[in-house]
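Residue-level structural notes
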Amino acid sequence: MKPFIRETAIAAPLMRPNVDTDQIIRIDRLIEFPRGELGPFCLEALRFDAEGRERAEFAPNMPRYRGAGILVAAENFGCGSSREHAVWALVDWGIRAVIAPSFGDIFYGNSFQNGLLPVRLPSEEVQAIALELDRSEDPRITVDLEARTVTTPAGRVLPFEIEPDRRAGLLEGLDDVRMTLKHRARIEQFRRDDEVAHPWIYRQTEQAILKKVLILAGDGIGPEIMAQTRRVVEWFVAKRGIRMELQEELFGISAWKAHRHLMRDETWKAVVESDAILFGATGSPEYAAIPPEHNKFDQLLRMRKELDLFINLRPVRAIGALAAASTLRPDVLEGTDMVLVRELAGGLYFGTPRGIETLPDGQRRVVNSMVYTEREIARIARAAFLLARSRSGRLCSVDKSNVLENGILWRETVEAVHKAEFEDVELSHLYVDNAAMQLVRNPRQFDVMVTENLFGDILSDCAAMVAGSIGMLPSASMSAPDQSHRKALYEPIHGSAPDIAGQGIANPLGSILSFGMCLRHTFNLPQEADFLDAAVERVVVAGIRTRDIADPGQASVSTAQMGDAVMNELQKSNS
């Protein structure tokens, strides 16, 4: 929301006591119009007669008070129901402050959450101000929140009292949630300390709903890393009471060798019926030997598209102990904690027309189409805004609107969603080339970044340098949160790495951390996810390294030994 520091504006008197929220905005208008479009209907029962004509005697309709930014009201302003919409309507109408002897309690609290300043002054002072407005040639008032004063049209300076926390929130443009999140680090540290002291409070031994989890190890290093992830999953079932029905199926080359199908119908049925899929990797040189009629579709893209897994979350956090594994300086990395939100079901990877054709002159031409609808852009933007709102309230949208029409529609749609639903979130924009540069120049400037499919694929690999290795990065791909049976697929972002497959040296931490995201998003158990994340970080801080994150000359461990280290940390923390 917009910060309130100091406002000098025309002030209109509204000296009618007990103006309630239903008079400020009628309930039927809330059904017809969203936030941002309520201004024309603010106070309409008082502003207009039954035929829709303006009431000349209603002060805010008078020419001298047109465009007022401040209301001077009588006692008990905003009484009645608890709806926030009354405040929304006033703000949409252009009102930044209301001066009155008293307010409805709920309206008073809602004002601070939506950028409206309610100023309480004694009744005699409010009446004196109203009289000054009536007599003044220039009915302007200055409300100074920093100084906590009201300057009247006659130049009188009146002090007012306001709760310190609410004053601080309005000065910074932050509601209660955003103000609380400023202390996020302290809150999380308290919770971690309290979890150690009272583990029985945080340990859930039974969940209301049994979740179905499917493991698809896939190709390349997938089976090696997934074997370690499965150990962790089974430990959480046995030791932390996570209720799940766990199933594993062959996928990709292993499925082809066993069944002459990359994805059997039985496997696809298990995919459709699962709440969550733990996926290893896809991709192998052996695909070249599979007859084309059996390899028409990328099965991973098929899952993303048909399950509508359009939200891809890729958290990127700098761990101090891994600073040497990155090509970036430690002072550049320090404090980085961001999430890249990638649209996963549209764009170049799915757009048509596509393909390679031979032209009449014998040349070959390739076509790929970057296709998005407003609805597709709006829904990924909405998911990113919601995530940003739950963190520090900042979202950066990445496009290429200076060159691509696709980028123009992307930016216009993101801005429309922001204006209609998320004005409390700070929105910025970057072109994708600049975003790539900024990720390596100053990654900690970002909190949440949202972009389309191809750009997200590239930028998230670029961001891997913050974590020290692409082997450290998990991801979650999810359908819409309002679906009755939300689907999700969790996978490390590193791919199949066929050059090291079978050597037992791959880093399983990205895959293990992906299961942590499963605990957070599918099981709705953030405390269990934090428990696993903390165990992984302690392993890294202890100096245990697979080859990809080892310093030059430093001894490295195998995939299985890294799994052992995580299991040991989990067991120690659980005892």
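Worth saying up front: this structure is predicted, and the values here are computed from it rather than measured. (Residues numbered from 1 in each chain as written. Predicted model: local features only at pLDDT ≥ 70, side-chain atom pairs only at ≥ 80, totals over all residues. Heavy atoms only, no water.)

Topic: helix 21 (residues 526-541)
Definition in use: Counting from the N terminus, the helices are the DSSP runs of H or I reaching at least four residues and the strands are the DSSP runs of E reaching at least two. For a helix, the expected span equals 1.5 Å multiplied by the residue count minus one. Relative accessibility thresholds used throughout: buried, under 20% of the residue-type maximum; exposed, over 50%; partly exposed, between the two (1.4 Å probe, protein chains only).
Between the first and last C-alpha of helix 21 there are 22 Å, a value that for 16 residues agrees with the 22 Å anticipated at 1.5 Å per step. Every buried residue belonging to helix 21 is among Q527, E528, A529, F531, L532, A535, V536, V539 and V540, and all of these are buried. Taken from the residues just after helix 21, G543 is the one with a positive phi, measuring 95°.

A short note on empty space enclosed by the protein
Worth spelling out the cut-off: Points on a 1 Å grid over protein atoms alone make up a cavity when a 1.4 Å probe fits among them but cannot get out, and a pocket when they form an open set with protein on both sides within 12 Å along at least five of seven lines; lining residues each have an atom within 4 Å of a point. Grid points are joined across faces, edges and corners, and a volume is the space filled by probe spheres set on the points. Put simply, Ala, Val, Leu, Ile, Met, Phe, Trp, Tyr, Cys and Pro go in the nonpolar bin, Asp, Glu, Lys and Arg in the charged bin, and everything else, Gly too, in the polar bin.
Considering all chains together, one arrives at one cavity of 30 Å³ or more under this definition. Size it by volume and the largest cavity reaches roughly 40 Å³. What lines the largest cavity is M370, V398, D399, K400, L404, N406, G407, W410, E452 and F455. Residue assignment for the lining of the largest cavity shows that the elements contributing at least two residues are strand 15 (394-399) and helix 17 (405-421). Looking at the lining of the largest cavity residue by residue, the classes come out as five nonpolar, two polar and three charged.

Topic: the pattern of salt bridges
Stated precisely, the cut-off is as follows: Every case where a carboxyl oxygen of Asp or Glu lies within 4 Å of a side-chain nitrogen of Lys or Arg is listed as a salt bridge.
Here the structure, examined in full by the defined rule, presents 39 salt bridges. One salt bridge in this structure joins E491 and R304, with 3.3 Å as the shortest N-O distance. In this pair, E491 is assigned in the loop between strand 19 (488-490) and helix 20 (509-521) and R304 in helix 14 (residues 299-306), connecting sequence segments 187 residues apart. There is no split in this pair, since E491 and R304 are both buried. Salt bridges sharing partners connect three or more residues here, namely R26, D28, R29 and E44.

Here we look at the side chain of N507
Filter applied, for reference: Here a polar contact is taken to be a pair of N or O atoms separated by no more than 3.5 Å, where protein atoms must pair a possible hydrogen donor with a possible acceptor and residues adjacent in sequence count only if both atoms sit in side chains. Contact criterion: two residues are considered in contact whenever any of their non-hydrogen atoms come within 4.5 Å of each other.
One can find N507 in the loop between strand 19 and helix 20. The class for N507 is buried, based on a relative accessible area of 4%. Here D548 takes part through its side chain, which lies 3.1 Å from a polar atom of the side chain of N507. Aside from chain neighbours lying at most four places away, what touches N507 is I225, G471, M472, H494, T546, D548 and I549.

Let's talk about the packing of aromatic side chains
Where two aromatic rings form a pair, the distance of their centres and the angle of their planes describe that pair. Heads up, the condition is: A pair of aromatic rings is counted whenever rings of Phe, Tyr or Trp (Trp by its six-membered ring) have centres within 6.5 Å, and the orientation is called stacked for planes under 30 degrees apart, edge-to-face for over 60 and tilted otherwise.
Applying the stated criterion to the full structure yields 13 aromatic pairs. Pairing F77 with F103 gives two aromatic rings, centres 6.5 Å apart and planes at 90°, and the pair type is edge-to-face. Here the residue F77 occupies a position in the loop between strand 2 (70-73) and helix 4 (85-93), and F103 occupies one in the loop between strand 3 (97-100) and helix 5 (105-113), the gap between them amounting to 26 residues. When sorted by exposure, F77 lands in the same class as F103, which is buried. Here F251 and F279 contribute two aromatic rings whose centre-to-centre distance is 5.0 Å and whose plane-to-plane angle is 85°, an arrangement assigned as edge-to-face. Residue F251 is found in the loop between strand 9 (244-249) and helix 12 (253-259), and its partner F279 is found in strand 10 (residues 276-281); the two are separated by 28 residues along the sequence.

With respect to the side chain of N312
Checked against the element boundaries, N312 lands in strand 11 (residues 311-317). Residue classification places N312 among the buried residues on the basis of a relative accessible area of 1%. Looking at N312, its side chain comes within polar contact range of the main-chain oxygen of A476, at 3.3 Å.

With respect to the pairing of strand 2
To keep things clear, this is the line we draw: Two strands pair under a simple rule: DSSP has to find at least two bridges between them.
Burial of strand 2 is two-sided: the residues I70 and V72 facing one way and the residues L71 and A73 facing the other way are all buried. Across four bridges, the pairing between strand 1 (residues 6-14) and strand 2 is parallel. Pairing of A12 across the sheet is with L71, part of strand 2. Relative to strand 3, strand 2 is paired through three bridges, and the arrangement is parallel. Paired with L71 across the bridge in strand 3 is V98.

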